[in-house]
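Survey of secondary and tertiary structure
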Amino acid sequence: MKVYGVMSLLITLLLSSAVLAQNTTLEQGLLTSMSVVTDSENNLHRNDSSGQAIHAYMRQNYINKKPNFRFDYTDYYLLNKPALLLGHDLKVIEEEYMSAYIGCCVSPGVGAVIRQKGSLDRLKDFAKKNRCSIEPINFNDYLKDLNIRRPNAPSGNYYAISCRERELYRDD
């Protein structure tokens, strides 16, 4: 019976480690897609790997194959299972891109909504380094804007981080 208990514990630890490693890889892909790159002429650009990052979340069933909502140029993916972004609960991934011209003013890039867990220092440092904006939001209102009726988000502090083209040129 002791052997069974030890084996069960060992399998649980191995599976937990595999899930953690998998989540870290997903998170790193998303952070890379939110990052700034400099070209050979020192011009700033967003890393254009958002499609790869989002498809990785899809393959692992963290998000649906199709966005939960699309408005103007932005796809909104609500997380189906827990994931982290810089130590905070990741709730939504946003991707802005032009698939067809519908009028002014697409600003390609990626955004996310997180529920705060602990200090915001890492999130703020990432945003500053990569020219992203962060703002507190009312998550229930955000969900209502996405046509989710009677949202009942867990209490907490929620923040939207936006790493789109428009943030590259801000003077903060």
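Scroll up to find the structure.
Residues numbered from 1 in each chain as written. Predicted model: local features only at pLDDT ≥ 70, side-chain atom pairs only at ≥ 80, totals over all residues. Heavy atoms only, no water.

Attention now moves to the environment of isoleucine 54. Mapping isoleucine 54 onto the fold places it in helix H2 (residues 50–59). Along the sequence, isoleucine 54 and asparagine 64 sit 10 residues apart, while their C-alpha atoms lie 9.9 Å from each other. Leave out the neighbours within four places in its chain, and isoleucine 54 touches Ile63, Tyr77, Ile93 and Glu95. (Helix = DSSP H or I, 4+ residues; strand = E, 2+ residues; numbered from the N terminus. Contact = heavy atoms within 4.5 Å.)

Moving on, we get to the nonpolar core. Within soluble globular proteins, side chains that are nonpolar tend to cluster in buried spots. Met34, Tyr57, Leu90, Ile93 and Ile161 are the most contacted members of the largest nonpolar core, which has 28 residues in total. Excluding anything up to four places from it in sequence, isoleucine 93 contacts Leu30, Ile54, Tyr57, Ile63, Asp75, Tyr76, Tyr77, Leu79, Val110, Gly111 and Ala112. Among the nonpolar cores identified, the runner-up in size contains 13 residues, and Leu78, Val92, Tyr142 and Ala160 belong to it. (Core = buried A, V, L, I, M, F, W, Y, C linked by side-chain atoms within 4.5 Å. Buried < 20%, exposed > 50% of the residue type's maximum accessible area, 1.4 Å probe, protein only.)

This part is about the side chain of asparagine 130. One can find asparagine 130 in the loop between helix H3 (121–129) and strand S8 (133–137). A distance of 3.0 Å separates the side chain of asparagine 130 from the backbone nitrogen of valine 36, its partner in a polar contact. In this structure, asparagine 130 is in contact with Met34, Ser35, Val36 and Arg46, ignoring residues within four places of it in sequence. (Polar contact = N/O pair within 3.5 Å; in protein donor to acceptor, adjacent residues only side chain to side chain.)

Let us now look at unusual backbone geometry. Phi at asparagine 61 takes a positive value of approximately 60 degrees, unusual for a residue other than glycine. If you trace the backbone, asparagine 61 turns up in the loop between H2 and strand S3 (69–71). Take asparagine 61: its relative accessible area is 48%, and that puts it in the partly exposed class. The phi dihedral of leucine 86 is positive, around 55 degrees, even though this residue is not glycine. Checked against the element boundaries, leucine 86 lands in the loop between strand S5 (84–85) and strand S6 (88–96). What makes leucine 86 buried here is its relative accessible area of 8%.

On to the pairing of strand S4 (residues 74–78), then. Counting buried positions over the five residues of S4 gives five, a clear majority of the element. Every second residue of S4 is oriented toward a common face, with Thr74, Tyr76 and Leu78 on one face and Asp75 and Tyr77 on the other, all of them buried. Summarising the sheet, S3 and S4 pair through three bridges and their orientation is antiparallel. Paired with arginine 70 across the bridge in S4 is aspartate 75. Connecting S3 to the next strand, S4, in antiparallel fashion are two residues, including aspartate 72 with a positive phi near 50 degrees. Of the pairings in the sheet, the one linking S4 to S6 comprises five bridges and is antiparallel in character. The partner of leucine 78 across the bridge, within S6, is valine 92. (Pairing = 2+ DSSP bridges.)

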